[in-house]
Amino acid sequence: MPRARQRYVLSPERLEGVHRGATIRLPKEAAHHVARVVRLREGELIAVTDGGGRSFLVRLRRVDARAVEGEVLGPEYPEGEGRDPEAPVAVDLAFALLKGDRSETVLALATEIGVRRFRPFLSARTVVRPEGEARRRREERFRAVVREAVELSGRTHLSPVEPIASFADVLASFSSYAAVFVPYELAAASHGGVYPHLLEVYRTLPPAALYGPLLLVIGPEGGFAPEEAEAARHAGAHLVSLGPRILRSETAAVYAVSLLLSEEAFLSARPSGEVS
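Keep in mind that what you see is a predicted model, and the values were worked out from it rather than measured.

Rules and cut-offs
Residues numbered from 1 in each chain as written. Predicted model: local features only at pLDDT ≥ 70, side-chain atom pairs only at ≥ 80, totals over all residues. Heavy atoms only, no water. Axes fitted to C-alpha atoms, helices over the stretch in contact; angles between N-to-C directions. Helix = DSSP H or I, 4+ residues; strand = E, 2+ residues; numbered from the N terminus. Parallel < 35°, antiparallel > 145°, perpendicular 65-115°, else oblique. Contact = heavy atoms within 4.5 Å. Core = buried A, V, L, I, M, F, W, Y, C linked by side-chain atoms within 4.5 Å. Buried < 20%, exposed > 50% of the residue type's maximum accessible area, 1.4 Å probe, protein only. Pairing = 2+ DSSP bridges. Expected span 1.5 Å × (residues − 1). Arc of directions from axis to C-beta.

A. Local environment of the packing of helix α3 (residues 102-113) against helix α8 (residues 249-261). Between α3 and α8, the shortest axis-to-axis distance is 9 Å and the interhelical angle comes to 10°. Looking at the two axes, α3 sits roughly parallel to α8. Contact residues: α3 offers Arg102, Val106, Leu109 and Ile113, while α8 offers Glu250, Ala253, Val254, Val257, Ser258 and Leu261.

B. How the structure looks around the nonpolar core. In this structure, Leu93 and Phe181 are the most contacted members of the largest nonpolar core, which totals 42 residues. When contributions to this core are tallied by element, the ones reaching two or more residues are β6 (91-96), α3, β7 (117-122), α4 (132-153), β9 (179-183), α6 (198-202), β10 (214-218) and α8. Those residues in contact with phenylalanine 181 that lie beyond four places of it in its chain are Leu198, Val201, Tyr202, Leu205, Leu214, Leu215, Leu216, Val217, His238, Val240 and Leu260. In this structure, Tyr8, Ala22, Val48 and Val63 belong to the second largest nonpolar core, which totals 20 residues.

C. View of the sheet that holds strand β2 (residues 23-25). Strand order in the open sheet formed by 5 strands is β1-β3-β4-β5-β2, with mixed pairing between adjacent strands. Looking at which strands have only one partner, the edges of the open sheet turn out to be β1 (6-9) and β2. Adjacent strand axes in the sheet meet at a mean angle of 40°, parallel and antiparallel pairs treated alike. Those strands touched by helix α2 (residues 28-37) are β1, β4 (55-63) and β5 (68-75), and its axis lies near 165° from that of β1.

D. Representation of the pairing of β9 within the structure. Among the 5 residues of β9, 5 are classified as buried, and the element is accordingly described as predominantly covered. Going residue by residue along β9, you find Ala179, Phe181 and Pro183 tucked away on one face and Val180 and Val182 tucked away on the opposite face as well. Across 3 bridges, β9 lies against strand β11 (residues 238-240) in parallel orientation. Counterpart to proline 183 in the pairing with β11 is valine 240.

E. Local environment of unusual backbone geometry. The peptide bond linking glycine 212 to proline 213 adopts the cis configuration, its omega dihedral lying at 10°. Within the secondary structure, proline 213 is located in the loop between α6 and β10. Phi is positive for arginine 39, close to 55°, though the residue is something other than glycine. Residue placement: arginine 39 occurs in the loop between α2 and β3 (45-49). Using a relative accessible area of 57% as the deciding quantity, one classes arginine 39 as exposed.

F. Quick look at α4. End to end, α4 covers 32 Å across 22 residues, agreeing with the expected 32 Å (1.5 Å per residue, within 8%). Every buried residue of α4 is accounted for by Arg135, Glu139, Phe142, Val145, Val146, Ala149 and Val150. Buried residues of α4, seen end-on, are gathered within an arc of 135° and therefore sit on one face of the element. Those residues of α4 that are buried are in contact with β1, α3 and β7. Glycine 154 occupies a position one or two residues after α4 and carries a positive phi of about 85°.

Here is the structure:
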């Protein structure tokens, strides 16, 4: 199956009942991008997804100032071809708001890698604390960043971004996960100087927990306050290390996600039937 040049996330309603041979019309923003920004022509291929796992290849049949329409060729990732772009391990990411555009960097890169859901929060050492309209605009921007990253990366699921919450709210969500990991720069101190590395802890999880859902919790600039780390541990989280070097928060987030989602090879190497 040929590959599309561009991808667009459309509303589930617009793709409801779509089948091979059907004609779809792109919404205004996507149509403008096709016709005026990337200047695609009739006959070229695009992909469209509803953000819920369904995606289709579409051949453009009409591209003009009034409308952009295309013919559905079929599923972008036919079953049985082994091309599903979604990760086999369900990983959610909770991260403390960061200064500048660093939160957006985390969202974009982690979406591309395969994070299932985002939970931004405020912690004791969070510097940026938007309120009211500023918070609403930031949350809207976060969702737009994730949408753009989904379109870029070829994913079929649009990762939800939860409203900005408190650290207490994040702690309360721990019970809904098979395991929670909190990278903490002082993790070695509570283990006699031995760093419990993230992957070391992950690989000792019960088989049923290996595919998740898992939650990574990343602190702000300056890291978690000791009492926050202790609260996370009491709530059931694993305090882990990402190695001997101190990482920026945005680096730690992307690195930790990459480590867990690269464990597909580890999972596939386990004896058949070991993971339920």
